[in-house]
Amino acid sequence: LFPGAFNCCMKISDEIPKRILRRVERFEIQKADGLCHLEAVILYIEGKKFCVSPRIRKVRKWIKKNKHKIPRKKPHGRQHKKPKIIRRKQKKQ
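Residues numbered from 1 in each chain as written. Predicted model: local features only at pLDDT ≥ 70, side-chain atom pairs only at ≥ 80, totals over all residues. Heavy atoms only, no water.

As annotated in an unreviewed UniProt entry, the chain carries the name CCL28 protein and is attributed to Hemiprocne comata.

This is how it looks when you write it as C-alpha cells:
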C-alpha cells in the first residue's frame with residue numbers, strides 16, 4: 001500500500017562510532033514529512049543501512065566535511081561501459 005514507508009527509518013541511533021563513519025559509501029537525509037515520521041541520516045556501508053540522528057554533532061561535522069566527496073544518492077540505472085572494438089588482422093591472399 002505504501003511503498004515509500006519501507007525505505008523510512010523507524011528507529012534512529014543517538015551514537016555512532018568513528019570507525020563506521022570512515023567506511024560510509026553514501027548517505028541520504030530523511031526528512032520528517034510525508035510517510036517518514038522521523039528526521040534521520042541514513043548511512044550506507046557495504047550494503048547495510050544505518051539510521052542515525054541528524055542532531056549528533058559528530059554526524060553533522062562529518063556531513064559538512066564530506067558532502068562533496070560522497071554521493072548522496074546512488075545514480076539511477078546501470079552504467080554501461082563502452083564496448084571495446086577489437087580489430088583483427090586480415091590475412092593477405
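1. Concerning the nonpolar core
Counting 13 residues, the largest nonpolar core has Ile16, Val41, Leu43, Val52, Val59, Trp62 and Ile63 as the members making the most contacts within it. Leaving out residues up to four positions away in the same chain, Val59 has contacts with Ile16, Val41, Val52 and Ser53. Grouped together as the second largest cluster of nonpolar side chains are five residues, Ala40, Ile42, Tyr44 and Cys51 included. (Core = buried A, V, L, I, M, F, W, Y, C linked by side-chain atoms within 4.5 Å. Buried < 20%, exposed > 50% of the residue type's maximum accessible area, 1.4 Å probe, protein only. Contact = heavy atoms within 4.5 Å.)

2. Observations concerning the state of the cysteines
Tallied over the entire structure, the rule returns two disulfides. Between the sulfur atoms of Cys8 and its disulfide mate Cys36 the distance is 1.9 Å. Between Cys8 and Cys36 the disulfide shows an S-S torsion of about -75°. By sign, it is left-handed. Placement of the pair is Cys8 in the segment before α1 (18-21) and Cys36 in the loop between β1 (26-30) and β2 (40-45), with a sequence separation of 28 residues. For Cys36, a relative accessible area of 15% puts it in the buried group. Shown here is the disulfide that connects Cys9 with Cys51, its sulfur atoms set 1.9 Å apart. Looking down the S-S bond of the Cys9 and Cys51 bridge, the torsion is -70°, so its handedness is left-handed. Residue Cys9 is found in the segment before α1, and its partner Cys51 is found in strand β3 (residues 48-52); the two are separated by 42 residues along the sequence. (Disulfide = S-S within 2.5 Å. Helix = DSSP H or I, 4+ residues; strand = E, 2+ residues; numbered from the N terminus.)

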